[in-house]
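# Remarks on the overall topology
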Amino acid sequence: MIIDDSHYDVIIIGTGAGGGTLAYKLAPTGKKILILERGGFLPQEKANWSPSDVFAQERYHTQEYWYNSAGEPFRPQMSYWVGGNTKVYGAALLRLRERDFEKVQHQDGVSPEWCLKYSDFEPYYCEAEKLYDVHGKSGDDPTEPHRSSDYPYPAVTHEPRMQQICDAITKQGLHPFYLPLGLKLNEVDRTLSTCIRCDTCDGFPCLLHAKADAEVEGIRPALKYPNVTLKTEAKVLRLHTDESGREIRGVETELNNQSHLFRGNIVVVACGAINSAALLLRSANDKHPNGLANRSDQVGRNFTKHLTTAIVQLSATPNPTVYQKTICVNDWYWGEPDFLYPMGEIQNTGNVLKDMIANEAPPLLAPFAKLVPKFGLRQISKHATGWWLQTEDLPDRNNRVRVVDNKIHLDYTPNNTEAHDRLIYRWMDVLKAINKSAEHVIIRNGIYPRNSTGIQVVGHQSGTCRFGEDPSNSVLDPNCRTHDVNNLYVVDSSFFPSSSSVNPTLTIIANALRVGNYLIEKLA
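Residues numbered from 1 in each chain as written. Predicted model: local features only at pLDDT ≥ 70, side-chain atom pairs only at ≥ 80, totals over all residues. Heavy atoms only, no water.

### Digging into the pairing of strand β2 (residues 33-36)
Where a strand is regular, its side chains alternate between the two sheet faces. The test is simple: In this scheme, a residue with accessible area under 20% of its type's maximum is buried, one over 50% is exposed, and one in between is partly exposed, where area comes from a 1.4 Å probe on protein chains only. Every helix listed is a DSSP run of H or I at least four residues long, and every strand listed is a run of E at least two residues long, numbered separately from the N terminus. For two strands to count as paired, DSSP must find a minimum of two bridges between them.
Side-chain alternation along β2 places Ile33 and Ile35 on one buried face and Leu34 and Leu36 on a second face that is also buried. Pairing geometry for strand β1 (residues 2-13) and β2, over four bridges, is parallel. Considered in β2, the bridge of valine 10 is made with isoleucine 33. In this sheet, strand β10 (residues 228-231) lies alongside β2 in parallel orientation, the contact comprising four bridges. In the sheet register, leucine 34 faces β10, and the bridge partner there is threonine 229.

### Points about the packing of aromatic side chains
Basically, it comes down to this: Two rings from Phe, Tyr or Trp (for Trp, the six-membered ring) form a pair when their centres sit within 6.5 Å of each other. Planes less than 30 degrees apart are called stacked, planes more than 60 degrees apart edge-to-face, and all others tilted. Think of it as a cone above the ring: NZ of Lys or CZ of Arg counts as a charge over the ring if it is within 6 Å of the ring centre and within 35 degrees of the ring normal.
Tallied over the entire structure, the rule returns 21 aromatic pairs. Look at phenylalanine 101 and tryptophan 114: their rings are 4.8 Å apart centre to centre, the planes differ by 65 degrees, and that puts the pair in the edge-to-face class. One end of the pair, phenylalanine 101, is in the loop between β4 (73-74) and β5 (104-106); the other, tryptophan 114, is in the loop between β6 (109-111) and α3 (118-131), with 13 residues separating them in the sequence. A centroid spacing of 4.9 Å and a plane angle of 75 degrees characterise the contact between phenylalanine 495 and phenylalanine 496, whose relative ring orientation is edge-to-face. Given the relative accessible area of 0%, phenylalanine 495 is considered buried. On the basis of relative accessible area, phenylalanine 496 is assigned to the buried category, the value being 1%. Taken together, the aromatic side chains of Phe101, Trp114, Tyr118, Phe121, Tyr125, Phe467, Phe495 and Phe496 make up a single cluster linked through ring pairs. A cation sits over an aromatic face here: arginine 99 above tryptophan 334, 3.9 Å from the ring centre.

### Notes on the pattern of salt bridges
Inclusion rule: A side-chain nitrogen of Lys or Arg and a carboxyl oxygen of Asp or Glu constitute a salt bridge if their distance falls within 4 Å.
Applying the stated criterion across every chain yields a total of 27 salt bridges. The closest approach of N and O atoms between glutamate 336 and arginine 422, which form a salt bridge, is 3.2 Å. Taken as a pair, glutamate 336 in the loop between β15 (327-329) and β16 (345-348) and arginine 422 in helix α10 (residues 417-434) lie far apart in primary sequence, 86 residues in all. Residue classification places glutamate 336 among the buried positions, given a relative accessible area of 12%. The residue arginine 422 makes a salt bridge to glutamate 418 at a minimum N-O spacing of 3.4 Å. Of the two residues, arginine 422 and glutamate 418 both sit in helix α10, four residues apart, roughly one turn of that helix. One salt-bridge network, in which partners are shared between bridges, spans Lys87, Asp213, Glu215 and Arg220.

### Topic: the environment of lysine 130
Here lysine 130 lies in helix α3. Judged by its relative accessible area of 63%, lysine 130 is exposed. Taking the C-alpha atoms as reference, lysine 130 lies 9.4 Å from glycine 182; in sequence the two are 52 residues apart.

### Remarks on the side chain of aspartate 477
This is how the line gets drawn: Distance and chemistry together define a polar contact, namely a pair of N or O atoms within 3.5 Å, with one atom able to donate a hydrogen and the other to accept it when in protein, and with adjacent residues in sequence counting only for side-chain atoms on both sides. The contact criterion used throughout is that any non-hydrogen atoms of two residues lie within 4.5 Å.
By secondary structure assignment, the location of aspartate 477 is in the loop between β20 (441-444) and β21 (488-490). A distance of 2.8 Å separates a polar atom in the side chain of aspartate 477 from the backbone nitrogen of asparagine 479. If near-sequence neighbours (up to four positions away) are discounted, aspartate 477 is found in contact with Phe467, Gly468 and His483.

Structure, rendered in structure tokens:
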């Protein structure tokens, strides 16, 4: 093993929404910071905008395999690049609701109370929205939490067909609102806009670096400081403690086919909820026989990832919209009169492109062609609008990450499914009612890429290292430091006690900024 001569004030493992944002926050301190990323920079290439490359060939997802509870292998939708999964995310950046931080009763169980509340995160949500160029409009979302400042940028406008759909939804007594999006977009003066509002955004890497991802907003600005070092293609294998087991003394990393040991005063793990838990489990030693910082037996447990379904709305009315992902609906977020439990959120997806349909759902094309025999794939695409429905899945100690023979096993059984089914039925009724002539065909489970949302779909992963004040039932303290190891922190979505029904990314960013403030004081 090669022992690196340098000694760092902070070592950050991972460059996604948590690690990339924390690096940005700490860079101006002048402290010596090392960032370790197992991937490289995602190449800017024509394939960035190719539906076939991105969806059919999964060009930007890892080639590794994990295993489900039955021991069967699957290829996860994980992206190991500088910027992590934010390189291919949809850039929807929403705050959790105030009640999401409280104990919430669901039909299938309880979503637990957080040790911190919305008010603790609110100033960091404001900072996060400014850093990640969030466009939005307050006042239209019936579940919108309190804001101490408005969105830093105006909402991304609806194109004409999406405005028609939005108006039709409103006529049904619902409250659609502009989906908050992190884009480097200037609609007032397009000559000053990096974003061009293209049809290959949601799920695609951005060829123009116009998506507000963790590389663009976090890592690249951090690297302007001479005290910050980034090592790519550097896979962290395990963490080594001192003899007491209370301090990390080395970060063992595979780099250039050799094993290196890096040393730092503070070590921050930000590999994503699954990989962070796996790293702690792989780092078991005599003082931590069940995995590092795992006295509570909670490392890897309570994994959540949302219940998600994609629906394609087909209409005789063409949808020439170039950038569709602008509408969000939360009217059933907390339930409905005859079902007093949370149901979830509805958003647009990105465009349903021709090559997506061909590559992702060939078994459905034959029966679908019988319904609309005069349409080819291109015509189908021109008449399609995509919708994404997501519901909170509840923490379950048996939904967990395990490491067996150095391989990741992901045990996951969905729960809270009736609430999700109700959301689907309600939304299908809405889409049908938009035009009572039944010109709309609703197709679920197969025509939109990745809509079966099996175990491989982990973009909204969270849990596995929950934070809390009681070391017997949590892994991290309220500052996201492990209870058992004094200089070890976790700043990705692992810390979530519950998943809520909104996308986790903005909360990950806000928390990284919050923990960054704490570490700045500690480093001083």
